[in-house]
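Here is what each chain is made of, one letter per residue.
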Amino acid sequence: MSEERQQPGGHVPVLLDRVLELLAPALTGPDAVVVDANLGLGGHAEALLAAHPALHLVGIDRDPVAIERSTARLAPFAERVTIVRAVSDELAGVLADLGRPVVNGVLFDLGVSSPQLDEAERGFAYSYDAPLDMRMDREQDLTAEKVVNTYPPGELTRILRDYGEERFASRVTGLIVKERAKAPITSTKRLADLVRQAIPAATRRTGGNPAKRTFQALRIEVNAELSALETALPAALDALAVGGRVVVLAYHSLEDRLTKQVLTARTRDTGPPGLPVPLEAHQPRFRLLTRGAELPDDHEVARNPRAASARMRAAERIRQG
């Protein structure tokens, strides 16, 4: 990755060279359209537009701050860019409204964007003391503070266990419920301290900050991230032209597992086993472009620590449905 591809403030798009390589064969036509379903700061989008002078890019993001910054970033390509404020699970409707129901490429760069992590007041990071917010769209009502202080204990435990893969979910919930009865838990530091108290000392000595899993779980719940992907990824595959490609960058096992399930279902033969001649109607419409999940190499992680947890999968449409 060249230095000129870095964004202001040191932000480096994750696995940028590999993303460009995977999408390139699908974007060579004169009227090619690519969708960046999680636009963020527009780093991948800028590189795609620069690499393909005839390409039109549709960028989707729910965060007004991300939209403002990416709009400025992509200003040199304004005639070839359409930016829409929406959640990724609205992808099909966005494309229908734009009169572009068929596209050539879709990129999902999941997780939290740099503006959300870097601005302490957003409340995404346990390393800052900030209001317990975590909303990607700050106009929505549900916040992490509401989840922590109002969800029933059973529901809170389920979220921490399922979305955070926190094996001490019931202990964390128990302490949260006890403390919120005394006073509402309103800050990231207070929550992180409570999680640390709830996790056994032997476990705290390994695996990084013990609050990481709880914060991940709350963020997923507040922003309905998994349900959005569950709708958006199949919609993206449905929208692809023959030869079109989708690339997904996931940052935790839940996103990657869901991506694997969706892509596997679309790339297998669904016909009865043992037939001498495969049935056309049951032939897969897609093929995988990656063997398993591709990981960043040591050089990428050294240059861009936020790439450390990235898992990339990709697929190509090979026939119409």
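Residues numbered from 1 in each chain as written. Predicted model: local features only at pLDDT ≥ 70, side-chain atom pairs only at ≥ 80, totals over all residues. Heavy atoms only, no water.

**Notes on the overall build of the chain**
Here is step 1 of the chain: A count of helices and strands for the chain gives 14 helices and 7 strands.
Here is step 2 of the chain: Looking at the 321 residues of the chain, the share that counts as buried comes to 52%.
Here is step 3 of the chain: Here the contacts in the chain between residues at least 6 apart in sequence split such that 69% fall between residues at least 24 apart.
Here is step 4 of the chain: Split by element, the accessible area of the chain, about 14,600 Å² in all, is 51% carbon and sulfur. (Helix = DSSP H or I, 4+ residues; strand = E, 2+ residues; numbered from the N terminus. Buried < 20%, exposed > 50% of the residue type's maximum accessible area, 1.4 Å probe, protein only. Contact = heavy atoms within 4.5 Å. Areas by Shrake-Rupley, 256 points an atom, 1.4 Å probe, with all protein chains shown as cover.)

**Comments concerning the packing of aromatic side chains**
Here is step 1 of the chain: A full pass over the atoms with the stated rule returns 0 aromatic pairs.
Here is step 2 of the chain: In this structure, Arg 158 is placed above the aromatic ring of Tyr 163, and the distance from its NZ or CZ to the ring centre is 5.6 Å. (Phe/Tyr/Trp six-rings, centres within 6.5 Å; stacked < 30°, edge-to-face > 60°. Lys NZ or Arg CZ within 6 Å of the ring centre and 35° of its normal.)

**Quick look at the pattern of salt bridges**
Charged atoms that come close allow side chains of opposite charge to pair.
Here is step 1 of the chain: The tally for this structure, following the rule as stated, stands at 20 salt bridges.
Here is step 2 of the chain: Across the pair Arg 266 and Asp 238 runs a salt bridge whose closest N-O atoms are separated by 3.0 Å. Remark: Asp 238 occurs in helix 12 (residues 225-239) and Arg 266 occurs in helix 13 (residues 253-266); sequence separation between them is 28 residues.
Here is step 3 of the chain: The structure contains a network of salt bridges with shared partners spanning Glu 155, Arg 158, Arg 161 and Asp 162. (Salt bridge = Lys/Arg side-chain N within 4 Å of Asp/Glu carboxyl O.)

**Thoughts on the confidence of the model for the chain**
Here is step 1 of the chain: Per-residue confidence for the chain gives a mean pLDDT of 89; residues scoring 70 or more make up 87%.
Here is step 2 of the chain: Across residues 1-10, where pLDDT falls below 50, the model places 20 contacts with residues more than four positions away in sequence or in other chains. (pLDDT = per-residue confidence, 0-100.)

**Remarks on helix 11 (residues 212-223)**
Here is step 1 of the chain: The terminal C-alpha atoms of helix 11 lie 17 Å apart, and with 12 residues this matches the ideal 16 Å at 1.5 Å per residue to within 8%.
Here is step 2 of the chain: In this structure, the buried side of helix 11 is in contact with helix 6 (144-150), helix 7 (153-164), helix 8 (169-180), helix 9 (188-198), helix 12 and helix 13.
Here is step 3 of the chain: Ala 224 occupies a position one or two residues after helix 11 and carries a positive phi of about 50°. (Expected span 1.5 Å × (residues − 1).)

**Some remarks on the pairing of strand 5 (residues 240-250)**
Here is step 1 of the chain: Counted residue by residue, strand 5 has 9 buried out of 11 residues, so it is predominantly covered.
Here is step 2 of the chain: Taken together, the 6 bridges between strand 5 and strand 7 (residues 311-317) define a ladder with antiparallel strand orientation. Its bridge partner lying in strand 7, Ala 250 is registered against Arg 311. (Pairing = 2+ DSSP bridges.)

**Thoughts on the pairing of strand 4 (residues 103-109)**
Here is step 1 of the chain: The element strand 4 is largely enclosed, with a buried count of 7 among its 7 residues.
Here is step 2 of the chain: Pairing between strand 1 (residues 33-36) and strand 4: 3 bridges, direction parallel. Bridged to Asp 36 within strand 4 is Leu 107.
Here is step 3 of the chain: As paired strands, strand 4 and strand 5 are joined by 6 bridges and run parallel to one another. Looking at strand 5, one finds that Gly 105 is bridged to Arg 245.

**Side note on the environment of Asp 31**
Here is step 1 of the chain: For Asp 31, the location among the structural elements is in the loop between helix 1 (16-23) and strand 1.
Here is step 2 of the chain: Its relative accessible area of 67% is what places Asp 31 among the exposed residues.
Here is step 3 of the chain: Taking the C-alpha atoms as reference points, Asp 31 and Val 103, separated by 72 residues in sequence, lie 9.5 Å from one another.

**Here's the deal with the packing of helix 12 against helix 13**
Here is step 1 of the chain: At a closest axis distance of 10 Å, the pairing of helix 12 and helix 13 adopts a crossing angle of 30°. What the angle tells us is that helix 12 and helix 13 run roughly parallel. For the crossing formed where helix 12 meets helix 13, the hand is right-handed. Every residue of helix 13 that contacts helix 12 at Glu 225, Leu 226, Leu 229, Glu 230, Leu 233, Pro 234, Leu 237 and Asp 238 is listed here: Leu 254, Glu 255, Leu 258, Thr 259, Val 262, Leu 263 and Arg 266. (Axes fitted to C-alpha atoms, helices over the stretch in contact; angles between N-to-C directions. Parallel < 35°, antiparallel > 145°, perpendicular 65-115°, else oblique. Left-handed = near helix turned anticlockwise from the far one by under 90°.)

**Concerning the packing of helix 7 against helix 8**
Axis angle and axis distance: for two packed helices, these are the angle between their axes and the distance between the axes, and together they describe the pair.
Here is step 1 of the chain: The interhelical angle for the contact between helix 7 and helix 8, taken along N-to-C directions, is 135°, at an axis separation of 9 Å. Compared by their axis directions, helix 7 and helix 8 come out oblique. Of the two possible hands of crossing, helix 7 and helix 8 adopt the one that is right-handed. Residue-level contacts link Pro 153, Leu 156, Thr 157, Leu 160 and Arg 161 of helix 7 to Ala 169, Ser 170, Val 172, Thr 173, Ile 176, Val 177 and Arg 180 of helix 8.
Here is step 2 of the chain: Considering only residue class, the contact of helix 7 with helix 8 consists of 7 nonpolar, 3 polar and 2 charged. (Nonpolar A, V, L, I, M, F, W, Y, C, P; charged D, E, K, R; others polar.)

**Quick look at unusual backbone geometry**
Here is step 1 of the chain: At Met 134, a residue that is not glycine, the phi angle is positive and equals roughly 70°.
Here is step 2 of the chain: Relative to the helices and strands, Met 134 resides in the loop between helix 5 (114-118) and helix 6.
Here is step 3 of the chain: A positive phi is found at Glu 165, a non-glycine position, where the angle reads about 50°.
Here is step 4 of the chain: By secondary structure assignment, the location of Glu 165 is in the loop between helix 7 and helix 8.

**Some thoughts on the sheet that holds strand 4**
Strands pair in a sheet through their backbones, by hydrogen bonds, and they do so in one of two ways: parallel or antiparallel.
Here is step 1 of the chain: With mixed pairing, the 7 strands of this open sheet are ordered in space as 3-2-1-4-5-7-6. Each end of this open sheet is capped by a strand with a single partner; those strands are strand 3 (81-85) and strand 6 (286-288). Each strand axis lies, on average, 15° off the axis of its neighbour in the sheet, ignoring direction.
Here is step 2 of the chain: Both strand 1 and strand 2 (residues 56-61) contribute to a ladder of 4 bridges, which runs parallel. Note on strand 2: the bridge partner recorded for Val 34 is Leu 57.
Here is step 3 of the chain: Those strands touched by helix 1 are strand 4, strand 5 and strand 7, and its axis lies near 165° from that of strand 5.

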